[in-house]
Amino acid sequence: RISPMEGTTKLFEGAKNEIVEYVLQNYPSEFTAEDMPLENSLVEAGILDSYGMVELVSFLESNWLITIEDHEINRESLGSINKMALLVSKKKGDVR
């Protein structure tokens, strides 16, 4: 299991947990909350396909009232659950 990212915030941890819960509820796989890959691509792990990523982006936007720009839909911003939680934190002004 990956240790929590250094300097994380409550918003980051909450976002990470909510993203994991969303993925578990909407995309059945062999993973559980305890072993969900946090640092790896959900597409490469076989959990999501491209349409699933579109739905996940929509979830992120509606759940946290943020806008994810087209140029942010990439591996650097959305390539893992931790990266998604970091993007949410940045968008909400919690991380610089």
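In this text, all values refer to a predicted model and were calculated from it rather than measured experimentally.

In this section: the overall build of the protein. Counting secondary structure elements, the protein contains four helices and zero strands. Helices (α) and strands (β) of the protein occur, in sequence order from the N terminus, as α-α-α-α. Considering the protein as a whole, with its 96 residues, one finds that 40% of them fall into the buried category. Counted over contacts in the protein with a minimum sequence separation of 6, partners at least 24 positions apart contribute 57%. For the protein, the accessible area works out to roughly 5,800 Å², and carbon and sulfur atoms hold 49% of it.

All of the buried residues in helix α4 (residues 81-91) are Ile 81, Asn 82, Met 84, Ala 85, Leu 87, Val 88 and Ser 89. One or two steps after α4, the chain reaches Gly 93, where phi turns positive at roughly 75 degrees.

So, about the packing of helix α1 (residues 10-26) against helix α2 (residues 50-64). Angle between the axes and distance between the axes are the two parameters that describe a pair of packed helices. Interaxial distance between α1 and α2 falls to 12 Å at its minimum, and their mutual angle equals 135 degrees. In terms of their interaxial angle, α1 and α2 are classed as oblique. Crossing hand, α1 versus α2: right-handed. Contacts between α1 and α2 pair Leu 11, Ala 15, Glu 18, Ile 19 and Tyr 22 from the former with Glu 55, Leu 56, Phe 59, Leu 60, Asn 63 and Trp 64 from the latter.

Of the volumes computed, that of the largest pocket is approximately 190 Å³. At the level of elements, α2 and α3 (75-78) are the ones that each hand at least two residues to the lining of the largest pocket. A class-by-class count of the residues in the lining of the largest pocket yields seven nonpolar, three polar and one charged.

Next up on the list: the pattern of salt bridges. Counted under the stated rule, the structure contains three salt bridges. Between Glu 44 and Arg 75 there is a salt bridge whose closest N-O contact spans 2.6 Å. One end of the pair, Glu 44, is in the loop between α1 and α2; the other, Arg 75, is in helix α3, with 31 residues separating them in the sequence. For Glu 44, a relative accessible area of 57% puts it in the exposed group.

In this section: α1. Taking 1.5 Å of rise per residue, 17 residues should cover 24 Å, and α1 covers 24 Å from first to last C-alpha, within 8% of that figure. Three or more residues of α1 are buried, namely Phe 12, Ala 15, Lys 16, Ile 19, Val 20, Tyr 22 and Val 23. Within α1, the buried residues cover an arc of 160 degrees as seen down the axis, which keeps them to one side. For α1, the exposed residues set more than 90 degrees away from the buried face come down to Lys 10 and Gln 25. Tucked inside the fold, the buried residues of α1 contact α2 and α4.

Rules used throughout
Residues numbered from 1 in each chain as written. Predicted model: local features only at pLDDT ≥ 70, side-chain atom pairs only at ≥ 80, totals over all residues. Heavy atoms only, no water. Helix = DSSP H or I, 4+ residues; strand = E, 2+ residues; numbered from the N terminus. Buried < 20%, exposed > 50% of the residue type's maximum accessible area, 1.4 Å probe, protein only. Contact = heavy atoms within 4.5 Å. Areas by Shrake-Rupley, 256 points an atom, 1.4 Å probe, with all protein chains shown as cover. Axes fitted to C-alpha atoms, helices over the stretch in contact; angles between N-to-C directions. Parallel < 35°, antiparallel > 145°, perpendicular 65-115°, else oblique. Left-handed = near helix turned anticlockwise from the far one by under 90°. 1 Å grid on protein atoms, 1.4 Å probe; cavity = no way out; pocket = protein on both sides within 12 Å on 5 of 7 lines; lining within 4 Å. Points joined across faces, edges and corners; volume = space filled by probe spheres on them. Nonpolar A, V, L, I, M, F, W, Y, C, P; charged D, E, K, R; others polar. Salt bridge = Lys/Arg side-chain N within 4 Å of Asp/Glu carboxyl O. Expected span 1.5 Å × (residues − 1). Arc of directions from axis to C-beta.

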